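Reading the structure
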Amino acid sequence: MKRPLDTALVLSGWEALEPPDGDAFSARVLAAFDEAVAPPRQSRRWPLYGALAVAGLLAPLLFVPRSSPSGAAPIVAHGPDLDLGLQTD
Amino acid sequence: MQALKWAQPAERPQRVELDELTLLRAKRGDRAAFGALVRFYQRPVFALLSRMRVATDRRDLVEDLAQETFVRALRAIGTFGDDGRNRLSSWLLTIATRVALDALKRRALPTQPLGELSDIVPGTRRADDELERRSLREAIGEAVERLPVGYRAAFLLREVHGFEYEAIAEALDIDVGTVKSRLSRARAALRAALSEIA
């Protein structure tokens, strides 16, 4: 039959750290909690980000060739007209 | 070295919980109640985190993880009890366990016996002299160090913090059969280590 484990003995060699004395730790936790739940600060750079966003949206419109709404290069025929020697009456 | 006596299985540790009024105030966001909650449970949270060996030579890291545990808890305290739980200690220690396991996954943590730190709580049992105590601590520390972290967590939650099997299973995200298996193996490993000492 197995002997029961002496948990108290095990724990005597498996010591635990104590929290700091007083309220130091709870004060630290509350400060971290406040920071974690604080609303995000408004960025001072938001006008710059806004302008960049608008420019990004408008850029495709500015660079599309007027002759081709789809943005593809227009098809241009090159070379002389071919004379196939066919005559018509 | 004197022969060690073998104790009878200990009863599950009794846990005292925060009073209901303070808990209710904390759930409503009362800062004073938050502070009271942290002070009430900081000792078991520190004990669990340090015994999990998340930072055996870094007190500051244990404090960081304890802080993370409580911040997570305070952010979610408004929902505590919604799922039928009624033990705040179990809930907090479950969070602490997961924080510890996450930390152990994230980094290869340094190992240095806790006994070398100056601000350690002395063990409850006294050996005949300091040399014996040191040998005992070292032997147990080595045995603990060899335990896989999942086994260590299961043992601590059961034997130190009095969790039921189901609560351990939930905390470690494993099934109850695995909990029992881990506990059995952890006890066997520690029993073998103690036998060597004796």
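The written sequence of each chain sets the order in which its residues are numbered from 1. Note on labels: chains are lettered from A, ligands numbered from 1, in written order. Given that the model is predicted, a residue must reach a pLDDT of at least 70 before its local features are reported, and side-chain atom pairs must reach 80 or more before they are shown or counted; all residues, however, enter totals for whole chains, interfaces and linings. To obtain the side-chain values, all non-hydrogen atoms of the structure were included, while hydrogens and water were left out.

1. Comments concerning the pattern of salt bridges
So the rule is basically this: A pair is scored as a salt bridge if a Lys or Arg side-chain nitrogen falls within 4 Å of a carboxyl oxygen belonging to Asp or Glu. Counting from the N terminus, the helices are DSSP H or I runs at least four residues long and the strands are E runs at least two residues long. Note on classification: 1.4 Å probe, protein chains only; a residue is buried when its accessible area is under 20% of the maximum for its type, exposed when over 50%, partly exposed between these limits.
Counted by the stated rule, this structure contains 11 salt bridges over all chains. Of the charged contacts in the structure, one is a salt bridge between B:Asp64 and A:Arg28, with a shortest N-O distance of 2.4 Å. One end of the pair, B:Asp64, is in helix α3 (residues 59-76); the other, A:Arg28, is in helix α2 (residues 24-37), on a second chain. With relative accessibility at 28%, the residue A:Arg28 sits in the partly exposed group. Here B:Arg72 makes a salt bridge to B:Asp102, at a shortest N to O gap of 3.8 Å. Placement of the pair is B:Arg72 in helix α3 and B:Asp102 in helix α4 (residues 88-106), with a sequence separation of 30 residues. In this structure B:Asp102 comes out as partly exposed when scored by relative accessible area, which is 29%. In this structure, a network of salt bridges that share partners links the residues A:Arg28, B:Arg59, B:Glu63 and B:Asp64.

2. What about the confidence of the model for chain A?
The condition that has to hold: For every residue, the predictor states its confidence as a pLDDT score lying anywhere from 0 to 100.
Per-residue pLDDT for chain A averages 74, and the proportion of residues at 70 or more is 58%. Between the elements of chain A, mean pLDDT differs from a low of 76, seen in helix α3 (residues 46-63) of chain A, to a high of 93, seen in α2(A).

3. A few points about the nonpolar core
Soluble globular proteins tend to pack their nonpolar side chains together in the buried interior. As a reminder of what qualifies: Remark: nonpolar core denotes a set of buried residues (Ala, Val, Leu, Ile, Met, Phe, Trp, Tyr, Cys) joined through side-chain atoms within 4.5 Å. Every residue pair with non-hydrogen atoms within 4.5 Å of one another is taken to be in contact.
Grouped together as the largest cluster of nonpolar side chains are 68 residues, with contacts concentrated most on B:Leu37, B:Phe70, B:Ile77 and B:Leu88. Once you skip the residues sitting within four places of it in the chain, B:Leu88 turns out to touch B:Glu17, B:Leu18, B:Leu23, B:Leu37, B:Tyr41, B:Ile77 and B:Phe80.

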